[in-house]
Every structure is written in C-alpha cells, then in structure tokens.
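Now for the letters of each chain:
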Protein chains: 2
Amino acid sequence: MLDAVRAELGERGYDGLTLDGVAARAGVHRATVYRRWRDVGGLLADLFEATRDDDWLPRDTGSLRGDLAALNRENQDALTARPSIAEALIAAAYRSEEAARGVRRLWEDRYARCEVIVERAVRRGELPPRTDARRLLVAATAPIYHWLTLLRLPPDPDLPDRVARDVVLAASAGAFTEPPPGDARPSSEA
Amino acid sequence: MLDAVRAELGERGYDGLTLDGVAARAGVHRATVYRRWRDVGGLLADLFEATRDDDWLPRDTGSLRGDLAALNRENQDALTARPSIAEALIAAAYRSEEAARGVRRLWEDRYARCEVIVERAVRRGELPPRTDARRLLVAATAPIYHWLTLLRLPPDPDLPDRVARDVVLAASAGAFTEPPPGDARPSSEA
C-alpha cells in the first residue's frame, strides 16, 4: 500500500493526498486504510519510516569525485522525475509540521549514510582525516537542490560532475577542515 | 501598502494571505486594496516587482571571502528572521505557479546583481577571468539555504564564513572554470 501512497503523493502532492485516494489506487477497502493509518499524518509517518528502513547506500565508484558525481546524478534524477516523490516531500515539509519533522529525520539519515563516501576517501588518502564530513557532503549536494528546487532552473546534465569536481578541488586545497588558528577571518569585519 | 503585504505574508504565510487582511493591517478600505490588486496573485506580482526594483547590491568588503561571507550572513539573517519574508516566498513557490514564476525571476535578478562580486575578484586577481560566476555564486550560497530550509538545522553562526572560505579555496585550486579537455570525467562510468 505504500507504493500507492508514493504514487498519490507524487501525482497529487501533499494537498491532494487522502486516505480514500490511497484506498482507491491500492484497490483495497477504505476501512483497511483507515484502520491502518487513521489520517494523512499517520500515513506520512509510515512512509517516512519505511523510507528510512530501506537499504539505500551511496555508490562506491572508487574515487571521491566519482562517488559525489554519482550521488548528485541520483539526486538530480530523483528531483527531475515526473512525478517526483523527493520534490513532493520537500513541498510537504512547508505544509505540515509533522511532515517537516519526518523530512528532517529522513535527511539526517541520508547524510549519515553518505558519510561512508568521506570515510572511504580518507582511507584512500584523498582527504585528510580531520575532514568535516557533513560540511563536505552539504557543499557537494546543495548546489543541485538549489539549482532545481529553489532557482527552478532546468537540469544541467553536466552539473552533477562539475559540482563534484569543484568540491574535490576545494578539499585538495584544504577546505572542509577547521581553519588553522592564525587564519584571518574577514567575518570579524562585519 | 506593500509593507502590510510583507508583514501579512511573513506572519500568515501564503495560505493566510488575503486582500482583506492586507487592508485591515494597512488601515485602508477594502475597496482600495481590491481596486489595486484584484486578487492575491496581483498582489504577489506587485510585491515581486517592487522587490526587483529595490537598489540592493552585495556589500563590497575588499576581498572575495569577505564579500561571500557578508552575502551568506545576510541570507542567513533573512532566513532566520521571524517572521521571514524570504522563507514565506520560498514556501509560496510550492503553492502557486504564479508565485513560482515570481520567485524564479527574483532569484535571477539577485544572482545577476551578485556577479559584481566575481567581477571585482577577477579585477583584483583573486579569480581567473574565465570563472563561471553563476556556478561560484551558487556554490557559495547554496549550503546556507540547504542547511536552513531543506535540512532544517539550527543556524550555525560560523557557517557563512566557513562556506565562503571553502569556496575561495576551491577557486584557488581551479574550480568554477571549465575543466581542461584532457580532464578525466568519472561521469562517463555511469
């Protein structure tokens, strides 16, 4: 039945999501759906839990740039799919505090799983051990989301790899670590 | 009256925005508001146009890192203000195609104005002339939006400058330019 939830959410968005619609799409009796979820909040909570319980892991391509480019391509594909569950969940977070909490936990889980990309790169000697994994992963993934969901620009097939390349270059120059104590910080000017 | 629109939008969000609410807040007769805007769509279009007509320019701090950090702090402040007009506009883009078009034009205009940051850095010799200004500006600003509006994490006061520093390091290592023709592209593995 969760497939029916995903299909309804992707096609109708959060505002069009109803237990009746899910029942009709899944071809089950309304009472079955209402017994299981009570309301749309319960249904979304279940969907988030199921998504967190999947066995998704980022691809292991053998290099930091390859891993980040693969992750960006996967994210770009998820955001440009029509219908896009990823986009529907992002939009739902603006509509309901419950959905916002679910989305927040989902991101937390996905970024935690992605840290293996940084661990592998540290083991290969591509990154220094004191790399801030979360900051690197946000730098590597945020531009794709920014481009597609905020700026609402058409997808650029070269962007996933370009952003990966930029982040690898940044890391090679010492980014994503704590600045050394003597580093001048222009922020004190403000 | 546009101040009343901003205040209503910030406090009530797109779904709570009504011409009657704006009239009450501005202390003018309903008929005045209906004559000017007809509906919420007209009111939003006017708000977007007024925002595009302002004379905002990014700060000139004398260095690329300083300029990017100042821009990030400004964006972080706008997103964490309560109420936040910036967040209300982002949310509105998920609610109405008209708002989405207005937000898209607004971003386009803001990023175009920010290109002067890159031009100044090129003139100072901090960046090579063939820098992709838009890609650099997206890399420099996307993490703050990602952190606050998608991951929904609490603001980190150090993040605006850290992200600025990471982007300057990336640029110093040759990021945000077209890769040279001989550059191996792991994307071909996919």
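Preceding this paragraph is the structure being described.
Below is a short write-up of the structure. (Residues numbered from 1 in each chain as written. Chains lettered and ligands numbered in written order. Predicted model: local features only at pLDDT ≥ 70, side-chain atom pairs only at ≥ 80, totals over all residues. Heavy atoms only, no water.)

Topic: the overall build of chain A
- Per the secondary structure count, chain A includes nine helices and zero strands.
- Viewed in the frame of its principal axes, chain A has a C-alpha envelope of about 65 × 40 × 30 Å.
- Pairs at least 24 apart in sequence give 63% of the contacts found in chain A among residues at least 6 apart.
- In the structure as shown, chain A presents an accessible area of about 8,600 Å², 51% of it carried by carbon and sulfur atoms. (Helix = DSSP H or I, 4+ residues; strand = E, 2+ residues; numbered from the N terminus. Contact = heavy atoms within 4.5 Å. Areas by Shrake-Rupley, 256 points an atom, 1.4 Å probe, with all protein chains shown as cover.)

Let's talk about empty space enclosed by the protein
- What the rule picks out here adds up to four cavities of 30 Å³ or more.
- One number sums up the size of the largest cavity: a volume of about 230 Å³.
- If you go around the largest cavity, you meet 22 residues; those closest to its centre are Ala139(A), Val167(A), Ala139(B), Pro143(B) and Val167(B).
- A breakdown of the residues in the lining of the largest cavity according to their chemical character gives 18 nonpolar, no polar and four charged. (1 Å grid on protein atoms, 1.4 Å probe; cavity = no way out; pocket = protein on both sides within 12 Å on 5 of 7 lines; lining within 4 Å. Points joined across faces, edges and corners; volume = space filled by probe spheres on them. Nonpolar A, V, L, I, M, F, W, Y, C, P; charged D, E, K, R; others polar.)

A closer look at the interface of chain A and chain B
- With 53 residues of chain A at the interface, the matching set in chain B holds 53 residues.
- Summing both sides of the interface, chain A and chain B together bury roughly 4,800 Å²; the carbon and sulfur share of this comes to 58%.
- Considering only the surface of chain A that becomes buried against chain B, Tyr94(A), Leu150(A) and Arg152(A) emerge as the three largest contributors, covering 15% of it.
- Across the pair Arg95(A) and Asp15(B) runs a salt bridge whose closest N-O atoms are separated by 2.3 Å.
- Those elements giving two or more residues to the side of chain A that touches chain B turn out to be helix H5 (64-80), helix H6 (85-92), helix H7 (97-123), helix H8 (133-150) and helix H9 (159-172) of chain A.
- Per element, the largest residue contribution to the side of chain A that touches chain B is twelve residues, and it comes from H8(A).
- Here the residues of the side of chain A that touches chain B sort into 26 nonpolar, nine polar and 18 charged. (Buried area = accessible area lost by both parts, 1.4 Å probe. Salt bridge = Lys/Arg side-chain N within 4 Å of Asp/Glu carboxyl O.)

Quick look at the pattern of salt bridges
- What the rule picks out here adds up to 48 salt bridges over all chains.
- Notably, a salt bridge pairs Asp166(A) with Arg135(B), separated by 3.0 Å at the nearest N-O pair. With Asp166(A) in helix H9 and Arg135(B) in helix H8 (residues 133-150), this pair bridges two chains. The pair Asp166(A) / Arg135(B) is uniform in exposure class, with both members buried.
- Salt-bridge contacts for Glu87(B) lead to Arg82(B); the nearest nitrogen and oxygen are separated by 3.9 Å.
- Relative accessible area serves as the criterion here: at 59%, Arg82(B) is assigned to the exposed category. (Buried < 20%, exposed > 50% of the residue type's maximum accessible area, 1.4 Å probe, protein only.)

Thoughts on the relation of the copies chain A and chain B
- After a rotation of 180 degrees and a shift along the axis of 0.0 Å, chain A superposes on chain B with an RMSD of 0.0 Å. Between the two chains, the operation in question is that of a two-fold axis. Rotation axis and chain A: the residue whose C-alpha lies nearest the axis is Ala170(A), separated from it by 1.8 Å.
- Looking at chain A, 100% of its interface residues are interface residues in chain B too, so the copies touch through the same face. (Least-squares fit on C-alpha atoms with pLDDT ≥ 70 in both.)

Just geometry here; none of it tells us what the structure is for.
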